[in-house]
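Architecture and fold: a report
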Amino acid sequence: MGDAKEVLTNINRQEGIDYPVLTPNLKGLQEALNAGAREVAIFGAASESFSQKNINCSIEKSLERFKDVMIVSKENNVLVRGYVSCVVGCPYEGRIKPDIVARVSEKMLEMGCYEISLGDTIGVGTPGTFKEMLDVVMKSIPAEKLAVHCHDTYGQALANILLSLQLGIRVVDSAVSGLGGCPYAKGATGNVATEDVVYMLEGMGFDTKVDLPLLIQAGKYISDALERRSNSKVALAYSAKA
């Protein structure tokens, strides 16, 4: 996040696209506001160990910090999205209980987050464990207030997203070419590839309003720049046909 200000002040913003900035505390929020952010995101966890590693405080302490971020954000008419990490499993604690995920999510929603993104940070979720978690969370939070954020470490991301769609969730986080990972989750790959999500959604009849061939070009550009292989199966299939 060290170069978030540089990124935000140098991109060419497009009409109808949001550019949220991760803000773990008031200092991060102020830097985001100075850079012209109109939406920010707070990120907590359903694992005490991961919370300590990721943002250097307990779950309860993180929620206290977020309250201050929410107050200042509201004063500046800035939207806030909430992220909950390790909603299925944690690299330090193993299986995470769904009721902890629900409690953290509820508190973030009560603070004023317009949406809660449920993150399978290390990608260990399966449709079975993901449904178990969602069934508990959705007892108190409606589908229209939820998003899913699935890393593809074990190749289960699309299956978990499909399940979420079947339960009524309509917001999916993804990353071009499956970029990303987590420094505190050894072995975790990036978020599910946007190309693969778009391909699946369009095959299901959803109008994503995303130009898939152009998206694949963007993925190739960033993968080439980073000298890495794309993690998108759709992109690799398209390149094989070219």
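Everything below is about the structure printed above this text.
So, here's what we can say about the structure. (Residues numbered from 1 in each chain as written. Predicted model: local features only at pLDDT ≥ 70, side-chain atom pairs only at ≥ 80, totals over all residues. Heavy atoms only, no water.)

**Overview of the overall build of the chain**
Inclusion rule: Only DSSP runs of H or I with at least four residues qualify as helices, and only runs of E with at least two residues qualify as strands; both kinds are numbered from the N terminus onward. Taken over C-alpha atoms, the radius of gyration is set against a globule rule of 2.2 Å times the number of residues to the power 0.38. For every residue, the accessible area obtained with a 1.4 Å probe (protein chains only) is divided by the maximum for its type, and the residue is called buried under 20%, exposed over 50%, and partly exposed between those limits. Counting rule applied: Lys, Arg positive; Asp, Glu negative; His and chain ends not counted. Positions of charges follow a simple convention, taking NZ of Lys, CZ of Arg, CG of Asp or CD of Glu.
A count of helices and strands for the chain gives 10 helices and eight strands. Taking 18 Å as the expected radius of gyration for a compact globule of 242 residues, we find that the chain reaches 18 Å, a close match to that expectation. Referenced to the eigenvectors of the C-alpha coordinate spread, the extents of the chain come out at roughly 55 × 40 × 35 Å. In the chain, which comprises 242 residues, the proportion classed as buried is 44%. Looking at charge distribution, the chain has the averaged site of its 25 positive side-chain charges lying 3 Å from that of its 29 negative ones.

**Quick word on the pattern of salt bridges**
Just so we agree on the cut-off: In the sections that follow, a salt bridge refers to a side-chain nitrogen of Lys or Arg positioned within 4 Å of a carboxyl oxygen of Asp or Glu.
Taken as a whole, this structure holds eight salt bridges when the rule is applied. Residue Arg81 pairs with Asp173 through a salt bridge whose shortest N-O separation is 2.9 Å. One end of the pair, Arg81, is in strand S3 (residues 79–85); the other, Asp173, is in strand S8 (residues 172–173), and 92 residues separate them in sequence. With relative accessibility at 6%, the residue Arg81 sits in the buried group.

**With respect to the packing of helix H4 (residues 59–75) against helix H5 (residues 98–111)**
We apply this condition: In this analysis, axes come from line fits to C-alpha atoms, helices being fitted only over the stretch in contact, and the angle between any two N-to-C directions falls in the range 0 to 180 degrees. Put simply, angles under 35 degrees are roughly parallel, angles over 145 are roughly antiparallel, angles from 65 to 115 are roughly perpendicular, and the rest are oblique. It is the rotation of the near helix from the far one that decides the hand of a crossing: anticlockwise by less than a right angle makes it left-handed, clockwise makes it right-handed. By the convention used here, residues are in contact when the closest approach between their heavy atoms is within 4.5 Å. Gly is placed with the polar residues, together with every amino acid not listed as nonpolar (Ala, Val, Leu, Ile, Met, Phe, Trp, Tyr, Cys and Pro) or charged (Asp, Glu, Lys and Arg).
Where H4 meets H5, the closest approach of the two axes is 10 Å, and the angle between their N-to-C directions is 15 degrees. Taken together, H4 and H5 sit at an angle that is classed as roughly parallel. Seen from above, H4 lies across H5 with right-handed handedness. Every residue of H5 that contacts H4 at Ile59, Glu60, Leu63, Phe66, Lys67 and Met70 is listed here: Arg103, Val104, Lys107, Met108 and Met111. Looking at the contact of H4 with H5 residue by residue, the classes come out as seven nonpolar, no polar and four charged.

**Let's talk about the side chain of Asn160**
In this fold, Asn160 is placed in helix H7 (residues 157–166). When sequence neighbours within four positions are dropped, the list of residues in contact with Asn160 reads Asp120, Gly125, Thr126, Pro127, Phe130 and Cys150.

**As for a nonpolar patch on the surface**
The cut-off we apply is this: Patch members must show over 30% relative accessible area and no salt bridge, and they are joined within 9 Å when carrying like charges or within 5 Å when they are nonpolar side chains of Val, Leu, Ile, Met, Phe, Trp or Tyr. To be clear on the numbers: accessible area is Shrake-Rupley with a 1.4 Å probe, and residue cover counts the displayed protein chains and nothing else.
A cluster of nonpolar side chains, contributed by Leu162, Met204 and Phe206, occupies part of the molecular surface with about 220 Å² of accessible area. By the secondary structure assignment, Met204 is in the loop between helix H8 (194–203) and helix H9 (212–226).

**Brief notes about the pairing of strand S2 (residues 39–45)**
Let me state the cut-off plainly: Should DSSP find at least two bridges between two strands, the strands are regarded as paired.
Here S2 lies mainly inside the structure; seven of its seven residues are buried. Covered by surrounding structure in S2 are Glu39, Ala41, Phe43 and Ala45 together with Val40, Ile42 and Gly44, the residues of both alternating faces. In terms of strand pairing, strand S1 (residues 21–22) meets S2 through two bridges, oriented parallel. By the bridge assignment for S2, Val21 is matched with Val40.

**Digging into the nonpolar core**
To be explicit about the condition: Put simply, a nonpolar core is a bunch of buried Ala, Val, Leu, Ile, Met, Phe, Trp, Tyr and Cys residues held in one set by side-chain atoms that sit within 4.5 Å of each other.
One finds Val101, Met108, Leu118, Phe130, Met133, Val137 and Ile161 to be the most contacted residues of the largest nonpolar core, which totals 57 residues. Not counting chain neighbours up to four residues away, the residues in contact with Phe130 comprise Val88, Asp120, Val148, Cys150, Asn160, Leu163 and Ser164. Judged by nonpolar contacts, the second largest core, of six residues, contains Val198, Leu212, Leu215 and Ile216.

**So, the sheet that holds strand S6 (residues 115–120)**
Read across the open sheet, the six strands follow the order S1-S2-S3-S6-S7-S8; overall the sheet is parallel. Each edge of the open sheet is held by one strand with a lone partner, namely S1 and S8. Two strands pair when backbone bridges link them, and S6 and strand S7 (residues 146–150) are joined in this way by five bridges, in the parallel orientation. Each residue of the ladder has a partner; that of Ser117, found in S7, is Ala147. Each of S6 and S7 touches helix H6 (residues 127–137); the most contacted strand, S6, lies at about 155 degrees to it.

**Looking at helix H2 (residues 26–34)**
Spelled out, the test is: Taken from the helix axis, the directions to the C-beta atoms give the arc we talk about. Polar contacts, as used here, are pairs of N or O atoms within 3.5 Å; protein pairs need one atom able to donate a hydrogen and one able to accept it. Residues neighboring in sequence count only if both atoms are side-chain atoms.
Turning to H2, its buried residues are Gly28, Leu29, Ala32 and Leu33. Buried positions in H2, seen along its axis, are confined to an arc of 135 degrees and lie on one side of it. Of the residues in H2, the exposed ones pointing more than 90 degrees away from the buried face are Lys27 and Asn34. Each element contacted by the buried residues of H2 is listed here: helix H1 (4–10), S1, S2 and H4. Where H2 starts, the residue carrying a side-chain oxygen 3.3 Å from the main-chain nitrogen of Lys27 turns out to be Asn25. Looking at the residues trailing H2, positive phi occurs at Gly36, about 90 degrees.

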